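Breakdown of the fold
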Amino acid sequence: MHGLDPEQFASLRERLEQARAALFVQLAGELDVQAGALGAPLREPEASPADNASNRTLSELAQGTVEHTARQLKLVRHALAKLEDGEYGLCEQCGGPIGYSRLQARPEARLCIVCQTRAERPPR
């Protein structure tokens, strides 16, 4: 299990499954809110240009929230698939183990801390 003892492995699996369930609920709620906003008239005959701009901004923010939640759900589902494949806990870049402390902080982590730091470093 790539440096994880069975208890750690089980704990991380449970956290990922809970995260997946919570993200499904969150995404469903966000989609309901967005659908309600889209069902409302975008332009009222007497709405001011400022009101229309505010409505567009709110709609864009709602769309961004849905996209963010969907990305998070994709990461969690990827981690759960790696659990099933026996590849969970291995860095997707260098192939080394991802430390337990990193997995505790981010159970969906795909990279070890060294590779993640390199990936986040701005190009020279």
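Preceding block: the structure.
Residues numbered from 1 in each chain as written. Predicted model: local features only at pLDDT ≥ 70, side-chain atom pairs only at ≥ 80, totals over all residues. Heavy atoms only, no water.

1. Some words on the overall build of the chain
Note the threshold: Secondary structure elements are defined from DSSP: runs of H or I of at least 4 residues count as helices, runs of E of at least 2 residues count as strands, and each element is numbered from the N terminus. Buried, partly exposed and exposed residues are distinguished by accessible area as a fraction of the type maximum, computed with a 1.4 Å probe on protein chains only: under 20%, between the cut-offs, and over 50%, respectively. It only takes one pair of heavy atoms within 4.5 Å for two residues to be counted as in contact.
Counting its secondary structure elements, the chain contains four helices and zero strands. In sequence order, the chain lays out its α and β elements as α-α-α-α. Burial status across the chain gives 26% buried among its 124 residues. Of all intrachain contacts in the chain linking residues separated by at least 6 positions in sequence, the fraction that spans at least 24 positions is 59%.

2. Notes on the nonpolar core
Put simply, the test is: The set of buried Ala, Val, Leu, Ile, Met, Phe, Trp, Tyr and Cys residues whose side-chain atoms join them within 4.5 Å is what this entry labels a nonpolar core.
Leu4, Leu16, Leu83, Tyr88, Cys91 and Leu103 are the most contacted members of the largest nonpolar core, which totals 20 residues. At the level of elements, α1 (6-39) and α2 (49-85) are the ones that each hand at least two residues to this core.

3. Quick look at the pattern of salt bridges
Where we set the bar: Criterion for a salt bridge: a side-chain nitrogen of Lys or Arg within 4 Å of a carboxyl oxygen of Asp or Glu.
Evaluated as defined, the whole model comprises four salt bridges. Among the salt bridges present, the one from Arg13 reaches Glu84, with a minimum N-O distance of 2.8 Å. Of this pair, Arg13 sits in helix α1 while Glu84 sits in helix α2; the two residues are 71 residues apart in sequence, bridging distant segments of the chain. The partly exposed category is assigned to Arg13, whose relative accessible area is 23%. Linking Lys82 and Glu92 is a salt bridge whose minimum nitrogen-to-oxygen distance equals 3.1 Å.

4. Observations regarding the state of the cysteines
The line we're drawing: In plain terms, two cysteine sulfur atoms within 2.5 Å form what is called a disulfide here.
Tallied over the entire structure, the rule returns zero disulfides. Left without a disulfide partner, Cys91 is nearest to the cysteine sulfur of Cys115, which lies 3.7 Å away. Looking at the unpaired Cys115, the closest cysteine sulfur is the one in Cys112, lying at 3.7 Å. On the basis of relative accessible area, Cys115 is assigned to the buried category, the value being 1%.

5. Re the side chain of Arg102
Formally: When charges are tallied, Lys and Arg are placed among the positive residues and Asp and Glu among the negative ones, while His and the ends of the chain are skipped.
Structurally, the position occupied by Arg102 is in helix α3 (residues 100-105). Buried and unpaired, Arg102 has Glu120 as its nearest opposite-charge partner, separated by 6.2 Å. Setting aside residues up to four positions removed in sequence, Arg102 forms contacts with Ala109, Leu111, Cys112, Ile113 and Gln116.

6. Observations regarding the environment of Ile113
Of note, Ile113 is situated in helix α4 (residues 113-120). Taking the C-alpha atoms as reference points, Ile113 and Cys91, 22 residues apart in sequence, are found 9.0 Å from one another.

Bear in mind that shape data such as this cannot, by itself, settle questions of function.
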